[in-house]
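Close look at the chain arrangement
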Amino acid sequence: MLKTEQMVLNMGPQHPSTHGVLRLELELEGEVIINVKPHLGYLHRCFEKHCEAMTYPQIIPYVDRLDYLASMNNEMGYAIAVERLLDIKVPERVEYIRIIMAELQRIASHMVAVGTYGIDIGAFTPFLYLFRDRERILTLFEKTCGARLLYNYIWVGGLSHDLPINFVNETRDFLKDFKKTVIEVNNLLSYNKIFIERTANVGVLPVDSAINYGITGPNLRASGLKWDIRRNDPYSIYDRFDFEIPVGEGKHGQVGDCWDRYFLRVQEMVQSIRIIEQALDQLPEGEITSALPKRIKPVEGQIYSRVENPKGELGFFIVSKGQLQPFRVKVRPPSFINLSVLGELCKGHLIADVVAILGSIDIVLGEVDR
Amino acid sequence: MKSSEEIFAILKEKFGDAVLQLNTKLPKEAVIEIAPLKVTEICWFLRDNEELQFDNLILLTGLDDDNGEKVKLEDGTTETKGGTLSVVYHLESMKLGNRIVLRTATGRENPEVETVSKVWACADWHEREAYDMFGIKFLNHPDLRRILMPYDWEAGYPLRKDYKNPEFYHGMKVPY
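All chains use their own residue numbering, which begins from 1 and follows the written sequence. Note on labels: chains are lettered from A, ligands numbered from 1, in written order. With pLDDT at 70 or above as the cut-off, local features in this predicted model cover only qualifying residues; side-chain atom pairs require 80 or more to be listed or tallied, and sums for whole chains, interfaces and linings still use all residues. With hydrogens and water stripped out, all remaining heavy atoms of the structure feed into the side-chain values.

**Re the overall build of chain A**
- Elements are defined by DSSP. Helices are runs of H or I of four residues or more, strands are runs of E of two residues or more, and each kind is numbered from the N terminus. Within chain A, the secondary structure is distributed over 15 helices and eight strands.
- For the radius of gyration, the atoms used are the C-alpha atoms, and the globule rule reads 2.2 Å times the number of residues raised to 0.38. Here the C-alpha atoms of chain A give a radius of gyration of 21 Å, agreeing with the 21 Å that 2.2 N^0.38 yields for 370 residues.
- Residues classed as buried in chain A amount to 61% of the 370 residues present.
- Should any heavy atoms of two residues lie within 4.5 Å, those residues are considered in contact. Pairs at least 24 apart in sequence give 72% of the contacts found in chain A among residues at least 6 apart.
- Per-residue and other accessible areas follow the Shrake-Rupley method at a 1.4 Å probe size, with only the shown protein chains counted as cover for residues. Surface exposure of chain A reaches about 13900 Å², of which carbon and sulfur atoms provide 53%. Residue burial is assigned from relative accessible area. The probe radius is 1.4 Å, only protein chains are included, and a residue is buried under 20% of its type maximum, exposed over 50%, and partly exposed in between.

**So, the packing of aromatic side chains**
- Centres within 6.5 Å are what make two rings of Phe, Tyr or Trp a pair, Trp counting through its six-membered ring; a difference in plane orientation under 30 degrees is then read as stacked, over 60 as edge-to-face, and the rest as tilted. If you walk through the whole model with that rule in mind, you get 17 aromatic pairs over all chains.
- Ring centres 4.8 Å apart and planes at 15° place the aromatic pair Trp259(A) and Phe263(A) in the stacked group. Of this pair, Trp259(A) and Phe263(A) both sit in helix α11 (residues 258-282), four residues apart, roughly one helical turn. The pair Trp259(A) / Phe263(A) is uniform in exposure class, with both members buried.
- With centroids separated by 6.1 Å and ring planes inclined at 55°, the aromatic side chains of Tyr131(B) and Tyr157(B) adopt a geometry described as tilted. Of the two residues, Tyr131(B) sits in helix α3 (residues 123-134) while Tyr157(B) sits in the loop between β9 (137-139) and β10 (168-169), which places them 26 residues apart along the sequence.
- A residue is classified by how much of its surface remains accessible, and Tyr157(B), at 23% relative accessible area, is partly exposed.
- Put simply, the rings of Tyr117(A), Phe195(A) and Tyr262(A) touch in pairs and so form one group of aromatic residues.
- Here, a charge over a ring is recorded when the distance from Lys NZ or Arg CZ to the ring centre is within 6 Å and its angle to the ring normal is within 35 degrees. The ring of Phe131(A) carries the charged tip of Arg134(A) above its face, separated from the ring centre by 5.3 Å.

**Concerning the interface of chain A and chain B**
- In this assembly, 43 residues from chain A lie in contact with 44 residues from chain B.
- Only one rule defines a salt bridge in this text: a Lys or Arg side-chain nitrogen within 4 Å of an Asp or Glu carboxyl oxygen. Our enumeration of links across chain A and chain B arrives at six salt bridges.
- The salt bridge partner of Arg306(A) is Glu92(B), with a shortest N-O separation of 2.6 Å.
- Three classes are used, and their members are as follows: Ala, Val, Leu, Ile, Met, Phe, Trp, Tyr, Cys and Pro are nonpolar, Asp, Glu, Lys and Arg are charged, and the others, Gly among them, are polar. Partitioned by chemical class, the residues of the side of chain A that touches chain B number 19 nonpolar, nine polar and 15 charged.

**Some thoughts on the pattern of salt bridges**
Residue and element names in this part refer to chain A.
- As enumerated under the stated definition, the model contains 44 salt bridges over all chains in all.
- For Glu277, the salt bridge goes to Lys179, with nearest N and O atoms at 2.8 Å. Separated by 98 residues along the polypeptide, Glu277 in helix α11 and Lys179 in helix α6 (residues 167-190) bring together distant segments of the chain.
- For Lys179, a relative accessible area of 39% gives the class partly exposed.
- Between Asp228 and Arg221 there is a salt bridge, and its shortest N-O distance comes to 3.5 Å. As far as the burial class goes, Asp228 and Arg221 line up, both buried.
- Connected through shared salt-bridge partners, Glu103, Arg106, Arg221, Asp228, Arg230, Glu268 and Glu308 make up one network.

Listed below in structure tokens is the structure:
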């Protein structure tokens, strides 16, 4: 009789499709996955410990480095949390600029997600198209605040700089061109037969399981639940804009498979374009900072405040003891929580599908390890 | 939508002494305090009760309350004796829109809290993180290992307020 034996295969921490320093221990039976054990912590930078030694505004540059593909969104989430703790309102113009920046960043983050997912599966071209356009977003950011990746732009109570001259027109030009790119990407990748074969019916995440694992963001919506913090727990001025929340439909397989998760990001980029266009139309003139005390010192208390990041629900739990430094800052990192479902999704699939599933969850290790 | 007061009343009626009090002193968030060794039972009830349906654990946080006695050591540093460590649970019902905050406190010397990893699957990693950073032991947890720090980190639990960095780790100098 033939005897079979389980094998342990190590993937990462230096592996191109783990999107960073993630190590996976795969237990295999032949080519079929029995179990996946993720090992984290290779990029741990003691974010939460650092926060306890710094004042509230000093934390913002560190927040940038959580999900480094979506720094604007992180800053916005943190700034809103501190503003809620302090009970302050920011000027109208600041709200609009924040939304424009956050949605541009959401597009940029989804571009990386969609582009690198194509590479994971074996399609190289869409990646180049998307990075060409992402470059234009980064140029817009660079003109605004001088940095291309880690901005320190959104501050507590305001912004570091006003918009540069001609920003509105350049953004409109970019959006006009980007709409064509979305069509190109759809033709090249989304409806590509080989791509669909690789991703449809792979790594199906049912909605009950998704909620139980705390999955949020595009991954949860791809499982069919219309849940978006921008709508369900509105912050800033998202209630003024008209946009749709796409959900997974299982067009080429089951609801909540890898293709759904991928295509949802493409659809979200289109919705972000709509939000930016409306925000640019309504953009008012005005101040870009609000009257804040020199030393930010919230009263004793605690708050949990959350925003919708490209990866999911980003929350900040801040405990204040009435000092200049926070007593405790805890991040709810969407990538960390989304990654915990990986083992469940991979069971019973082939080795090659691990790459497809991991790519479709879209993690950033800077946020997983903090 | 139910308020924290109403949910507190439901829990108090069902669990009696295991539900300690409702703390409304802090601005922004009302906190229901519960006993550390009844957490699993209370959470099962919160999740499965028809009126409550807390299906989503948003966040599980470890917390050093820093309320113990500070003892000066010979080398000039201080160490905390006694006091408590806490675990904070932020729960939400996606169907009904209810939100509450639970908190449980446990002794610093031997911190033990029941696990909720069976109730919500995401609690597994959250609890490992709280164990990693504060040394809180979650009873009946299936796989309680460190998660962010190295598995062989022996210098203690980094987010405790009296944590001291070691000189060396595997021959590498730690303080930079």
